[in-house]
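This is what each chain is made of:
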Amino acid sequence: MSSNPEQTPRRRSFQQKMLDAGMVALLLGVLVAVGFLSGIVGMRFAIRRTEVPVPNVTARPVAEAEVILEEAELGIEVIGERYDEATPKGAILAQLPRAGGRLKARREVQVMVSLGKRTSPVPDLIGKTLRVARLTAEEYNYEIGHVSEISLPGRREGVVSSQYPPPGSETAVSPRINLLVSKGDPQAFVMPDLLGRNLNEVKPFLEGRGFELASIQYDFYRNANRGTVVKQFPEPGYLVTKEDSINLEVAR
């Protein structure tokens, strides 16, 4: 059985159209990929153009470093100071970014500035009030850093009980002295008997005296009125402070 001779050219024409369409799609894909890559390269180039090299300003005085960075279209930010025997007072100890790095124009280079060689050891502030400790620290060219408080038995309120760096230290690199200040003796109270009392009375009674109710659990009790305290911890008669938590069980 012979095929129709008219169908052969039609089939070839259809196949040719499919090949042409495939080539067009392939070329479009290539163009899209090239355009995407060109965009990425262009963005990187544009970002790169806004960056400037960071000059070396270490060991230079802050005023001189400001001029150098301004000429490089950069600013300066002093983020800290510390003592250093090898670097004169007022000179830059370290910088970020480091020399040779890159930074966007008009951004600030962060620097650490030298306080020079330490001339006096850390003063002894233990036993002094916070006000006197501040004045003493200033006399020795120090300043008070973090101040924390703690309740300590046998210590007067507002008095320095510990410090860092310790007194007499000659190796401290920071001009700041951190202090631990006493809040005085923790006030102790005798735990009252709350059993059988209604929660509506107990809760404001405790909270009004600065105590914290950690948890209130409810349960069924045959011989207890609803809303009354049937168990407590700490138990009546125990010594408690305002830092202790109180737990109650209440009849449902």
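Coordinates for the structure precede this section.
Presented here is a report on the structure given in the accompanying data block. (Residues numbered from 1 in each chain as written. Predicted model: local features only at pLDDT ≥ 70, side-chain atom pairs only at ≥ 80, totals over all residues. Heavy atoms only, no water.)

Looking at the overall build of the protein
Then step 1. Counting its regular elements, the protein contains four helices and 13 strands.
Then step 2. Expressed as a percentage of the 252 residues in the protein, the buried residues total 26%.
Then step 3. Pairs at least 24 residues apart make up 69% of the contacts formed inside the protein by residues separated by at least 6 positions.
Then step 4. Total accessible area on the protein stands at roughly 17,600 Å², and carbon and sulfur atoms take up 53% of it. (Helix = DSSP H or I, 4+ residues; strand = E, 2+ residues; numbered from the N terminus. Buried < 20%, exposed > 50% of the residue type's maximum accessible area, 1.4 Å probe, protein only. Contact = heavy atoms within 4.5 Å. Areas by Shrake-Rupley, 256 points an atom, 1.4 Å probe, with all protein chains shown as cover.)

Overview of the nonpolar core
Then step 1. Grouped together as the largest cluster of nonpolar side chains are 14 residues, with contacts concentrated most on Val57, Leu69, Leu74, Ile76, Ile92, Val109 and Val111.
Then step 2. Taken together, the elements giving at least two residues each to this core come down to α2 (62-71) and β5 (108-114).
Then step 3. Judged by nonpolar contacts, the second largest core, of twelve residues, contains Met191, Leu199, Val240 and Leu248. (Core = buried A, V, L, I, M, F, W, Y, C linked by side-chain atoms within 4.5 Å.)

Considerations on the sheet that holds strand β3 (residues 92-96)
Then step 1. What the three strands build is an open sheet, ordered β2-β5-β3; its pairing is mixed. At either margin of the open sheet sits one strand with a lone partner, and together these are β2 (75-82) and β3. Across the sheet, the axes of successive neighbouring strands diverge by a mean angle of 25 degrees, strand direction being ignored.
Then step 2. For β3 and β5, the ladder comprises four bridges, and the chain directions are antiparallel. Looking at β5, one finds that Gln95 is bridged to Val111.
Then step 3. Contacts from α2 reach β2, β3 and β5 within the one sheet, and its direction differs from that of β2 by about 155 degrees. (Pairing = 2+ DSSP bridges. Axes fitted to C-alpha atoms, helices over the stretch in contact; angles between N-to-C directions.)

Comments concerning the environment of Gly101
Then step 1. Here Gly101 shows up in the loop between β3 and β4 (102-104).
Then step 2. Considered as a pair, Gly101 and Val52 are 49 residues apart in the sequence and their alpha carbons are 8.5 Å apart.
Then step 3. Excluding its chain neighbours within four sequence positions, the residues that come into contact with Gly101 are Val52, Pro53 and Val54.

Remarks on the pairing of strand β8 (residues 176-182)
Then step 1. As defined by bridge partners, strand β6 (residues 143-150) adjoins β8 across six bridges and the pair is classed as parallel. Within β8, the position partnered with Val147 by the bridge is Leu179.
Then step 2. Here strand β7 (residues 160-164) pairs with β8 via four bridges, running antiparallel. Among the inter-strand pairings, Ser162 is bridged to a residue of β8, identified as Leu180.

Remarks on the sheet that holds strand β10 (residues 212-219)
Then step 1. The three strands are arranged β10-β13-β11 in an open sheet whose pairing can be described as mixed. Two strands lie at the open edges of the sheet, namely β10 and β11 (229-233), each paired on one side alone. When strand polarity is set aside, the average angle formed by the axes of neighbouring strands in this sheet is 20 degrees.
Then step 2. The pairing of β10 with strand β13 (residues 245-251) spans seven bridges and is classified as parallel. Bridge assignment links Tyr218 to a residue of β13, and that residue is Val250.
Then step 3. Taken strand by strand, helix α4 (residues 199-207) contacts β10, β11 and β13, and its axis lies near 165 degrees from that of β10.

Some details on the packing of aromatic side chains
Then step 1. Inspection of the entire model under this criterion finds one aromatic pair.
Then step 2. On the basis of an interplanar angle of 50 degrees and a centroid distance of 6.4 Å, the ring pair of Tyr83 and Tyr142 is categorised as tilted. Of this pair, Tyr83 sits in the loop between β2 and β3 while Tyr142 sits in the loop between α3 (130-139) and β6, placing them 59 residues apart in sequence. The burial state of Tyr83 is the same as that of Tyr142; both residues are buried. (Phe/Tyr/Trp six-rings, centres within 6.5 Å; stacked < 30°, edge-to-face > 60°.)

With respect to the environment of Arg252
Then step 1. When you line up the elements, Arg252 lands in the segment after β13.
Then step 2. The class for Arg252 is partly exposed, based on a relative accessible area of 48%.
Then step 3. The sequence separation of Arg252 and Thr228 amounts to 24 residues, and the corresponding C-alpha distance is 8.4 Å.
Then step 4. If near-sequence neighbours (up to four positions away) are discounted, Arg252 is found in contact with Tyr218, Asp219, Phe220 and Arg226.

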